[in-house]
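# Structural overview
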Amino acid sequence: MIPHDEFHVVFGTGPVGLAVMRELLAQGKRVRLVNRSGTAAAPESVEVVKANAADPASTRQVCRDATVVYNCVNAPYTEWATLFPPMHAAILQGAAAANAKLVVAENLYMYGPVSGSITEALPFHPTTRKGRVRAKMAEDLMAAHHSGIVRATSGRASDFYGPGAGLQGIFGDRVIPPLLAGKNVTIVGKLDVFHTYTYITDFGKGLVLLGMHDEALGKAWHIPNAPTLTTRQMLTLFFEEAHLPPRMGSVPELLLRTLGLFNPLLREVAEMLYEFNEPFVVDSSKFVQAFGDIATPNHEAVRQTLEWYRLRDQTKAVERRSLHA
């Protein structure tokens, strides 16, 4: 039986929001998803509500009676600076009005280039436009908590992949379908530098755990990851699981930056290349010591990801046959 007094509101129905939803449902929680359309790939037991996440009046309405609010929204890469901060502020106001705990999904852009392991104790030194936006939102969140406006925490993850990660996934729709088709896979950045990748299921589980524990409030936490490998090693795991010979390459940096002069999206991608050209290793020991190690082993995460993509392809094939029957 679902407790009537525990109600979880998730803003955003992209990969992270849906990962949070799946974890909440696995725990028998009552869930409301909030997005711009009012539709989402969710079970019938989940309420899906249309709302404007940048409008405080709207967020206060959908957060009403919430126990925990999860900010899992994202903004188009080319519109981060203009669209993200208003949503961040309005969701904070909605959670505060409901006296709910607020859990914010964050990435690692605020740190900027780092020499050595990335820990939560590092100061913010963003060198990119998106990094400065992320740093300001993170600072505003903790300031609101410490001033008593809202009870808040954040879970930070690296580039994620896994079931449902789609185009946002680092090993997502641009990588897995061509890989399964036996084609060459091309990524940005250097293949042979170490880079921490976050499994999307672990991201969702970690955010829910933070919402469960009051000791998480007022702090930022790095979501646990499996041991860091090089990008080549990660991709090789995918090829091996698919029983295919590894075929991979990387986009030349000069080409990417040149194309970025004419393509706004590629310009935004090029801005973050520092993360993939030097070692990018995330330390999540603080979370592990407080709440346990929830990281899925690399091999298992890769297996589950490919299994999800194969099932998705089979479902699409059946639907196509039905349409032409």
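Residues numbered from 1 in each chain as written. Predicted model: local features only at pLDDT ≥ 70, side-chain atom pairs only at ≥ 80, totals over all residues. Heavy atoms only, no water.

A word on the overall build of the protein chain. Within the protein chain, the secondary structure is distributed over 12 helices and 13 strands. Its C-alpha radius of gyration of 20 Å places the protein chain within 12% of the 20 Å reference for a compact globule of 325 residues. Across the 325 residues in the protein chain, those meeting the buried criterion constitute 50%. Across the protein chain, contacts joining residues at least 24 apart in sequence account for 74% of those joining residues at least 6 apart. Total accessible area computed for the protein chain in this model is approximately 15000 Å², and 56% of it derives from carbon and sulfur atoms. Averaging the locations of the 32 positively and 31 negatively charged side chains of the protein chain gives two centres separated by 5 Å. (Helix = DSSP H or I, 4+ residues; strand = E, 2+ residues; numbered from the N terminus. Rg over C-alpha atoms; globule rule 2.2 N^0.38 Å. Buried < 20%, exposed > 50% of the residue type's maximum accessible area, 1.4 Å probe, protein only. Contact = heavy atoms within 4.5 Å. Areas by Shrake-Rupley, 256 points an atom, 1.4 Å probe, with all protein chains shown as cover. Lys, Arg positive; Asp, Glu negative; His and termini not counted. Charge placed at Lys NZ, Arg CZ, Asp CG, Glu CD.)

This part covers the environment of methionine 142. Position of methionine 142 relative to the elements: it lies in helix α4 (residues 129–146). The class for methionine 142 is buried, based on a relative accessible area of 16%. C-alpha separation for the pair methionine 142 and lysine 219, spaced 77 residues apart in sequence, amounts to 7.4 Å. Once residues within four sequence positions are removed from consideration, methionine 142 is found in contact with Ala152, Thr153, Gly218 and Lys219.

Next up on the list: the sheet that holds strand β6 (residues 151–156). In spatial order, the strands read β3-β2-β1-β4-β5-β6-β11; together these 7 strands make up an open sheet with parallel pairing. Both edges of this open sheet fall to β3 (47–50) and β11 (220–222), since each of them pairs with a single strand only. Neighbour-to-neighbour, the strand axes of this sheet turn through a mean angle of 20°, independent of strand direction. One ladder, built from 6 bridges, connects strand β5 (residues 101–106) with β6; its direction is parallel. Bridge pairing in β6 links alanine 105 to glycine 155. Sitting on the sheet, helix α6 (residues 200–212) touches β4 (68–71), β5, β6 and β11, and the angle it makes with β5 is about 155°. (Pairing = 2+ DSSP bridges. Axes fitted to C-alpha atoms, helices over the stretch in contact; angles between N-to-C directions.)

This part takes up the nonpolar core. Formed by 32 residues in total, the largest nonpolar core has its most connected members in Phe11, Val69, Phe84 and Leu102. Ranked by the residues each element gives to this core, the list is headed by helix α3 (residues 80–98), at 6 residues. For valine 69, the contacting residues outside a window of four places in its chain are Val9, Phe11, Cys63, Ile91, Ala95, Ala100, Lys101, Leu102 and Val103. Val46, Cys72, Leu209 and Trp221 belong to the second-largest nonpolar core, a separate cluster that totals 30 residues. (Core = buried A, V, L, I, M, F, W, Y, C linked by side-chain atoms within 4.5 Å.)

Moving on, we come to the pattern of salt bridges. On inspection of all chains with the given rule, the structure shows 13 salt bridges. Through salt bridges that share partners, Arg129, Lys130, Glu268 and Glu271 make up one connected network. (Salt bridge = Lys/Arg side-chain N within 4 Å of Asp/Glu carboxyl O.)

At a closest axis distance of 10 Å, the pairing of α3 and α4 adopts a crossing angle of 10°. One finds that α3 runs roughly parallel with respect to α4. As α3 packs across α4, the resulting crossing turns out to be right-handed. Touching Trp80, Ala81, Phe84, Pro85, His88 and Leu92 of α3 are Arg129, Lys130, Val133, Arg134, Met137, Asp140, Leu141 and Ala144, all from α4. In the contact of α3 with α4, the residues fall into 9 nonpolar, 1 polar and 4 charged. (Parallel < 35°, antiparallel > 145°, perpendicular 65-115°, else oblique. Left-handed = near helix turned anticlockwise from the far one by under 90°. Nonpolar A, V, L, I, M, F, W, Y, C, P; charged D, E, K, R; others polar.)

This brings us to the packing of helix α8 (residues 253–260) against helix α9 (residues 264–271). Axis separation between α8 and α9 bottoms out at 7 Å; the angle between their running directions is 135°. By the angle between their directions, the pair α8 and α9 is classed as oblique. Note on packing geometry: the crossing formed by α8 with α9 is left-handed. Residues Leu256, Arg257, Leu259 and Gly260 of α8 form the contact with α9, whose participating residues are Leu266, Arg267, Val269 and Ala270. Broken down by class, the residue content of the contact of α8 with α9 amounts to 5 nonpolar, 1 polar and 2 charged.

Glancing now at α4. Under the 1.5 Å per step criterion, the end-to-end length of α4 is 26 Å for 18 residues, consistent within 8% with the ideal 26 Å. The complete set of buried residues in α4 reads Lys130, Gly131, Val133, Arg134, Ala135, Met137, Ala138, Leu141, Met142, Ala144 and His145. In this fold, the buried residues of α4 make contact with α3, β5, β6 and α9. Positive phi appears at glycine 148, one or two residues downstream of α4, with a value of about 85°. (Expected span 1.5 Å × (residues − 1).)

Counting buried residues in β6 gives 5 out of 6 residues, a clear majority hidden from the surface. Chirality of the crossover, the property in question, places the unit of β5, α4 and β6 among those that are right-handed. Across 3 bridges, β6 lies against β11 in parallel orientation. Pairing of arginine 156 across the sheet is with histidine 222, part of β11. (Right-handed = clockwise from strand over helix to strand, strands pointing away.)

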